[in-house]
Structure formats: C-alpha cells, structure tokens
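Descriptive analysis of the structure
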Amino acid sequence: MKVAVFSTKSYDRAFLEAANADRTHELVFFEPRLNLETSVLAAGFPAACVFVNDLLDAKTLKAIAQQGVRLLALRSAGYNHVDVAAAAELDLTLLRVPAYSPYAVAEHAVAMILSLNRRIHRAYNRVREGNFALDGLLGFDLHGKTVGIIGTGKIGAITAKILHGFGCRLLGYDVFPNPECQAIGMEYVALPELFGASDIVSLHCPMTAETYHLIGTQAIDQMKPGIMLINTSRGQLIDTKAVTEGLKSGKIGYLGLDVYERETDLFFEDLSNEVIQDDVFQRLLAFPNVLITGHQAFFTEEALKNIAETTIANITEFERGGPCHNQISVERSHKR
Ligand code: NAD
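Position labels on residues start from 1 in each chain and follow its written sequence. At least 70 in pLDDT is required for a residue's local features to be given in this predicted model, at least 80 for side-chain atom pairs to be given and counted, and no such filter applies to totals for whole chains, interfaces and linings, which use all residues. Each side-chain value is worked out from all heavy atoms of the structure, with water and hydrogens disregarded.

Re the packing of helix H1 (residues 10-19) against helix H12 (residues 301-319)
Condition: Axes here refer to lines fitted to C-alpha atoms; in helices the fit is confined to the stretch in contact. Angles between the N-to-C directions go from 0 to 180 degrees. Secondary structure elements are taken from DSSP: a helix is a run of H or I of four residues or more, a strand is a run of E of two residues or more, and numbering for both begins at the N terminus. Roughly parallel refers to an angle under 35 degrees, roughly antiparallel to one over 145, roughly perpendicular to one between 65 and 115, and oblique to any angle outside these ranges. Two helices crossing with the near one rotated counterclockwise from the far one by less than a right angle form a left-handed crossing, whereas a clockwise rotation gives a right-handed crossing. Throughout, a residue-residue contact means that at least one pair of heavy atoms, one from each residue, lies within 4.5 Å. In the scheme used here, Gly and all other residues not listed as nonpolar or charged are polar, with Ala, Val, Leu, Ile, Met, Phe, Trp, Tyr, Cys and Pro taken as nonpolar and Asp, Glu, Lys and Arg as charged.
Axis separation between H1 and H12 bottoms out at 8 Å; the angle between their running directions is 55°. Comparing the axis directions of H1 and H12 gives the class oblique. Crossing angle aside, the handedness with which H1 passes H12 is right-handed. Here H1 contributes Tyr11, Phe15, Leu16 and Ala19 to the contact with H12, which in turn contributes Glu301, Leu304, Lys305, Ala308, Glu309, Thr311 and Ile312. For the contact of H1 with H12, the per-class residue count stands at seven nonpolar, one polar and three charged.

Brief notes about the pattern of salt bridges
Keep this limit in mind: By definition here, a salt bridge exists when the distance from a side-chain nitrogen of Lys or Arg to a carboxyl oxygen of Asp or Glu is within 4 Å. Type-normalised accessible area, obtained with a 1.4 Å probe on protein chains alone, sets the label of each residue: buried when under 20%, exposed when over 50%, and partly exposed for intermediate values.
On inspection of all chains with the given rule, the structure shows nine salt bridges. Notably, a salt bridge pairs Arg75 with Asp12, separated by 3.8 Å at the nearest N-O pair. Taken together, the residues Arg75 in the loop between strand E4 (71-74) and helix H3 (84-89) and Asp12 in helix H1 connect sequence positions 63 residues apart. Here Arg75 falls in the buried class, since its relative accessible area comes to 2%. In this structure, Arg33 engages Glu269 in a salt bridge whose closest nitrogen and oxygen atoms are separated by 3.8 Å. Here Arg33, found in the loop between strand E2 (26-29) and strand E3 (47-50), pairs with Glu269, found in the loop between strand E11 (252-257) and helix H11 (279-285); they are 236 residues apart in sequence, far enough to count as distant. Overall, the relative accessible area of 18% leaves Arg33 in the buried class. With a relative accessible area of 41%, Glu269 lands in the partly exposed category. What you see here is one network of salt bridges that share partners, running through Lys9, Arg33 and Glu269.

With respect to the site of the ligand
Operational definition: Throughout, the term near means that a residue has one or more heavy atoms lying within 4 Å of the molecule or strand in question. Pairs of N or O atoms are called polar contacts if they sit within 3.5 Å, as long as, within protein, a hydrogen donor faces a hydrogen acceptor (for residues adjacent in sequence, only side-chain-to-side-chain pairs). Method for areas: the Shrake-Rupley scheme with a 1.4 Å probe, in which residue coverage is limited to the protein chains shown.
Taken together, 23 residues are adjacent to the ligand, and Tyr100, Lys154, Ile155, Asp174 and Thr232 come closest. At a separation of 2.6 Å, an oxygen atom of the ligand approaches a polar side-chain atom of Asp174. Between the ligand and Phe298 there is a distance of 3.1 Å, counted from an oxygen atom to a backbone nitrogen or oxygen. In isolation the ligand has 860 Å² of accessible area, and contact with the protein removes 87% of it. Grouping the constituent residues of the shell around the ligand by class yields 10 nonpolar, eight polar and five charged.

Description of unusual backbone geometry
With an omega of 0°, the peptide bond running from Gly322 to Pro323 counts as cis. For Pro323, the location among the structural elements is in the loop between H12 and helix H13 (330-335). Even without a glycine there, the phi angle at Asp91 is positive, about 60°. Note that Asp91 resides in the loop between H3 and strand E5 (93-95). The phi dihedral of His295 falls on the positive side, at around 55°, and the residue is not glycine. For His295, the position within the fold is in the loop between strand E12 (290-292) and H12. On the accessibility criterion, His295 (8% relative accessible area) is buried.

Structure, rendered in structure tokens:
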C-alpha cells in the first residue's frame, strides 16, 4: 500500500524501513506535520501515517479524505489529537499502536522522580563548573513515601510496580481499578484524598474531555505542600498557569514534565537558534525545581521497533480487508 508518512525524523524512517524490509508497502516520507496546510501532500495516497503532534481535526480529515486517504495509521497509543467522530463520518479507518513499550514511559517517569528528588539536573552542571558544594541539593528517601498514580493502565501499573520496589506506599485513582496494582498493595481512593496524602503524584491517564486540566487550581489546593508532580502522559492534563502559581507559592515543590499543553509549537524540533515566544513555557524553565524533557518518554529502541512493526502490521491488516485489531472506534474513544 502507498503510505504518506508525516512528521518523519531520521529515527522514524530507519525503524519503519527496517519493519518494511520486504517492501510490502511503499512508504513515502515527509518531514512536515500533517495539518490542513500540508494535507495536499497526502494526495494520491490511500494511507497516511502520523504521530502525536499532527493535527487531525475535522477540516484536515475532510481534506485528506477528499484526496483519497482511507486509512490513518497512528504511530502512537494516544489519539486525543484526532477527531474520532469526524473520521467515522468520513469513513476513515483509524489504527493505532496500543502498547509499544509501557516500560519506556514508566521508567522515564521514575527517572524524573529520582532526578528531581536528588537534583541530578543541577548537580550535573555544578560539577562541570568545579562547584562541589552540596547546598540546595538535599533530597529525601523515596522509601516509605506515598505516591499517587492517576491512571493505572499499562504505564501506570508498571510505574507502580517500580515504585513498589523502592518501598513506596501506593495510592491509585482510575475509573477501572487494576487488580495487578491492588495485588501489590495499591489503595484506590478519591482524587481529593490522593492529592492530600501523596508526596508524589504521577499522571498516567489519557487526555479526554473529563481529564482536561485535571490538575488545576482546585486540585493544587487539595495537595500536600511541597508535592512532586510528574506528567509523562499528555500536556493538557495540566493547567500550566495554575501549576506555575503553585510553584511560585511553594505548594508544588517539584515538577517533572515530559509533555506540555502547547508542545506542538516546540517539541521534536531544534529551536536552539530561535527566540522562544511561549512565555508560559519560558517561565517554567526558570524554576530550579522544574525538569522538562521534550516528549521523549517513549523514545527507546524497543519502543521504536514495536511502533514501526505494529504500524506496518496494522497497514497490512487493513490492506487485506481486516479484521484490524488496533482500530479506534467512536464508541471506544468515549471510554478512553
Ligand atoms: P492505558 O489505556 O493502558 O491506561 C490508561 C488508564 O487511564 C486506564 O486504566 C483508564 O481506565 C484510565 N483512565 C481513563 N480515564 C480516566 C479518568 N478520567 N481518570 C482516571 N483514569 C482514567 O494507557 P497507557 O498505555 O498506560 O498510556 C497512558 C497515557 O500515557 C496515554 O494515554 C498517553 O497519553 C500517554 N503516553 C505518553 C507517552 C510519552 O512518550 N510521554 C508515550 C505513550 C503514552
């Protein structure tokens, strides 16, 4: 099948070409993201392959459908960037990669917890400058601390298991409690209780209408003073301005972000020679107790291999007329 691959970086190309080594499909790689302006590139392709910051709103979907696209193969698990209802109306099939390496994201969340706690990001710079003073680097034992996990699906459960190994007490919040988490002692509680009792809160639920700005002023008011907040899920789960106020007042003691609500204008690009226009983001960078990575939690060899192989298998299933195991349906999108 002829596939227009959008948002291509060198690593996407390498892993997709390896997964398609027998040339089952004709992959044509485009660097730009797919949006209304770039949708013309999809002309003549029955399939388009996209990543997390391609904007698949109703207008873009209509434009690509009119140009003959019938399949959208997402190289991601999350699909909050796709108007699923509009795709259904246009008879566009949506396939995703439901699990490629939950370990990659869970391990990155834990890396952020450890780095923020022991101030590794600051210690690294200090030592390079010959500053071996320890003031300002004081950490705490993770052992015995209470960690609240919001969203205890694949990634949340692995994060919980790793932290269980550190000797943490686990609180959870999910619309569907996970027996694997309960088996290691996780206690499911309501959100106000989770916020009030947790030393660390890590977000692992999807971005939906219900979870948009889950962490806002009200949630921050309920938090234990000095809490550590980690978000490796989706930027829009956090009201960044409210969190900035929480950092300024000291209510939030540490913030680790791998995702940011307006990351589309920033992440995955080298902007080191540009003037960043996003003042909210720049303010975050000025805090010594904030650690930001540019949506790299998924970025391991195992994950990229799985993403590429599942994407190619998804396209093959569609071309053969199904059934497509990883299809996103309107009904399923309501349950995200
Ligand atoms: P999953 O579907 O296995 O788990 C999500 C869990 O969230 C489920 O248990 C679900 O019941 C729960 N949930 C749904 N709505 C909820 C709500 N309103 N409140 C609380 N919990 C709710 O998904 P996963 O594979 O664990 O991925 C979790 C999220 O991680 C994805 O949605 C995606 O946004 C994010 N992600 C980020 C990266 C990255 O590189 N930073 C990579 C992959 C996934």
